[in-house]
Protein chains: 2
Amino acid sequence: MKIIDGGINAPIGFEAAGIEAEVKYKNRKDMAIIYSKEPCTVAGAFTSNVVKAAPVLWDKDIVENEPFAQAVIVNTGIANAGTGKEGMSYCEETAKKAAELLNIPVKAVLVGSTGVIGAQLPIDRIKAGVEKLVVAKAEDRESGTNASKAIMTTDTVNKELAVEIEIDGVKVTLGAMSKGSGMIHPNMCTMLGYVTTDADIDKAALTKMVKEDVVDTYNMISVDGDTSTNDTLLVMANGMAQNKKIVEGTKEYEIFKEALHFINETQAKRLAGDGEGANALIECKVINADTKENARILAKSVICSSLTKAAVFGKDANWGRILCALGYSGAKFDPENMELYYQGSSNSMLIFKNGMGTDYSEEEASKILGESEVRFLVDMKMGDATATAWGCDLTYDYVKINADYRS
Amino acid sequence: MKIIDGGINAPIGFEAAGIEAEVKYKNRKDMAIIYSKEPCTVAGAFTSNVVKAAPVLWDKDIVENEPFAQAVIVNTGIANAGTGKEGMSYCEETAKKAAELLNIPVKAVLVGSTGVIGAQLPIDRIKAGVEKLVVAKAEDRESGTNASKAIMTTDTVNKELAVEIEIDGVKVTLGAMSKGSGMIHPNMCTMLGYVTTDADIDKAALTKMVKEDVVDTYNMISVDGDTSTNDTLLVMANGMAQNKKIVEGTKEYEIFKEALHFINETQAKRLAGDGEGANALIECKVINADTKENARILAKSVICSSLTKAAVFGKDANWGRILCALGYSGAKFDPENMELYYQGSSNSMLIFKNGMGTDYSEEEASKILGESEVRFLVDMKMGDATATAWGCDLTYDYVKINADYRS
């Protein structure tokens, strides 16, 4: 696997664009398109929130019931959630407009929205935006970046990625773009994540792969514990690399899965590290747990703890808060028989053992907490299950961003 | 039921004191005693955290296995959690010292600690503190307040309360003191809560009552989602009012239960409203839910949502965040068939109906969010179950307090 310079339109046959449509604010890119010259096999994962945004319902129907899709239209500024039947009709109008201009079926157009919940889309500006997007879409590097930038809301970092793999001697490319960065506690996947590939892959195989992979990637991150109404991950495969079709149970399936996992994990970590107001990415790795499920529960409890997050912001080696978060996670364990380490870029410190803190150096510990990636390693000494979760510190800026967000 | 001026030593036969013992900081009251002239029937509720502080284990043993208790010694500054066998031995040493001086059994002395996790108690200063407490304990009003102030940590408000009821023509008094205000997401009860009464009550009756009542009071509040290692609620009844012993299934049981519920609910709301850094108490009342359990889950999800809490801080009527929190709570419902109201001290506004926001006045809504008690009413229209949960807004000061707390 090779990481290459590129984004959502790096695979063969994909075009992208990002433009200004004034959905909610002026002078910023706020609509994006992904278009494939050939129909794509699509798999997806969507929010588990009972309140699902209109575009989530629209996309879910296409992924589950249509043979293929060929384009995605995304807007930021307004989430089109909590908008009732009117909101649902705007998904259809958006897709219809794109379908007409692209000469593809209405039900081959996926839509995505992110932003404020409750407001209705300015459908005329959205339709005008679709016209601009169809004209602007292109294969060049800059167009991919424009699309990725257009889906950012409070994100401070553009999150795109592309990798190359070899399937049966044929070069296959995967590209991705994702956005966070608040209301992030995915329970299916992140707010908006798109992955494209020119691989030829069986729909059942792709669906299984996506379903399995989100559990250890997007579902293991949290910025603020709030599971969004709009969480959507879509993986689109157009087959233009002309490899032998990938099916389950083959070496090629594993090679492709590894590349997809790398993309999903990298993008998930970027979402966590760029959480609203965050200074640092927090990683909690749990090893030797009794079950995989408990490993996940323990790791996630630590990165979700407000007190642990605030202690990282304050560079305070207050390990009691980590111990406390493990303790209330719901997983059973013996606090007398586990170990906690702080891990810096160049060192590892044993902090807690035999039910008590060790005689560690506060100064050294504080130094680790000052790094841009703060890592906690928890050894449960119960079995051989492992899981990793990612979050970010809790800062003044998180409060500022979210006290002001809508106004 | 009559609210009276008084606190933990208001009932007949109870003495209290709060003194400076320099457990961690100088020049502040940091140790308290509650002492009863007669042995007390005791019921309690303790943290569900797997990591239980030494005093929690000590008290749990007494409440479950001893016939009575007669005194409580509490310190702040150090939580005596994550302290292994050494920490456990300090509970015993503290109790032994008090037992000697008070001439009561060691296993009649309950202990409580709150503060930083992981540090060991300075046992010599603790024992010196016990000596001072035994000398200082008294029945007067000020001594009760001193005890209540001595258990405060980041609390900004002293939380004591007393009520009088009549049982079979006999006056019975209940007194209470409680402390918050971070690591508050009780799952049995709050961090430290003490209730005294001169009622004569059967142990089984008291135990049942406490167990049932915490579910709708302390367990329905959250400041930061972190369930402490030290959560303890103790209710001590010394029988000195000389009423006919209260047993289950009587009118007297209901009268006493109502008074205890009032105390627990009032103290729980005070803990939420005085959450670390809080400007406002947030109340979410869910009505007409399908089950009591779902009503609790829905109400608690709203008051735990970081984004909702930050929006209240910003006085932003961002109801989409409330809808979102209801949606990811885990309870199933139809977003098209529920209603959300904002309730001020003098008005009630319908904000969401038929799956969409109503045409409400932003100005009026913002005014409600500026009150010191912010109330959300959610009508699920599914059944007749009701629950209420309490939390607080998320402010810069919460981050400040918890980035700095230990240093």
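Residues numbered from 1 in each chain as written. Chains lettered and ligands numbered in written order. Predicted model: local features only at pLDDT ≥ 70, side-chain atom pairs only at ≥ 80, totals over all residues. Heavy atoms only, no water.

## A few points about the packing of helix α1 (residues 54–65) of chain B against helix α2 (residues 84–102) of chain B
All names here are of chain B.
Then, number 1: The contact between α1 and α2 brings their axes to 8 Å, and the two run at 55 degrees. Judged by the angle between their axes, α1 and α2 are oblique. With respect to the hand of their crossing, α1 and α2 are arranged in right-handed fashion. Listed contacts from α2 to Ala54, Pro55, Leu57 and Trp58 of α1 are Gly87, Met88, Cys91, Glu92 and Ala95. (Axes fitted to C-alpha atoms, helices over the stretch in contact; angles between N-to-C directions. Helix = DSSP H or I, 4+ residues; strand = E, 2+ residues; numbered from the N terminus. Parallel < 35°, antiparallel > 145°, perpendicular 65-115°, else oblique. Left-handed = near helix turned anticlockwise from the far one by under 90°. Contact = heavy atoms within 4.5 Å.)

## Regarding helix α11 (residues 396–404) of chain B
Residue and element names in this part refer to chain B.
Then, number 1: Burial in α11 covers these residues: Tyr398, Val399, Asn402 and Ala403. For α11, the angular spread of the buried residues around the axis is 120 degrees, confining them to a single face.
Then, number 2: The N-terminus of α11 is capped by Thr395, whose side-chain oxygen sits 3.2 Å from the backbone nitrogen of Asp397. (Buried < 20%, exposed > 50% of the residue type's maximum accessible area, 1.4 Å probe, protein only. Arc of directions from axis to C-beta. Polar contact = N/O pair within 3.5 Å; in protein donor to acceptor, adjacent residues only side chain to side chain.)

## Observations concerning the pairing of strand β10 (residues 281–289) of chain A
Residue and element names in this part refer to chain A.
Then, number 1: With seven bridges joining them, β10 and strand β14 (residues 373–379) adopt parallel strand pairing. Bridged to Val286 within β14 is Val378.
Then, number 2: The pairing of β10 with strand β15 (residues 385–392) spans seven bridges and is classified as antiparallel. From the neighbouring strand, Glu283 faces β15, where its bridge partner is Trp390. (Pairing = 2+ DSSP bridges.)

## Description of the pattern of salt bridges
Any two side chains of opposite charge can pair if their charged atoms end up close together.
All names here are of chain B.
Then, number 1: Throughout the structure, instances matching the rule amount to 48 salt bridges over all chains.
Then, number 2: Linking Lys60 and Glu64 is a salt bridge whose minimum nitrogen-to-oxygen distance equals 3.3 Å. One end of the pair, Lys60, and the other, Glu64, are both in helix α1, four residues apart, so they sit about a helical turn from each other.
Then, number 3: The exposure class of Lys60 is partly exposed, given its relative accessible area of 27%. (Salt bridge = Lys/Arg side-chain N within 4 Å of Asp/Glu carboxyl O.)

## Thoughts on unusual backbone geometry
Then, number 1: Backbone geometry at Asn103 of chain A places phi at a positive 60 degrees, although glycine is not the residue there.
Then, number 2: Among the structural elements, Asn103 of chain A can be located in the loop between α2 (84–102) and β5 (109–116).
Then, number 3: Even without glycine at this site, Lys315 of chain B takes up a positive phi of about 50 degrees.
Then, number 4: Within the element layout of this structure, Lys315 of chain B appears in the loop between α8 (306–313) and α9 (320–327).

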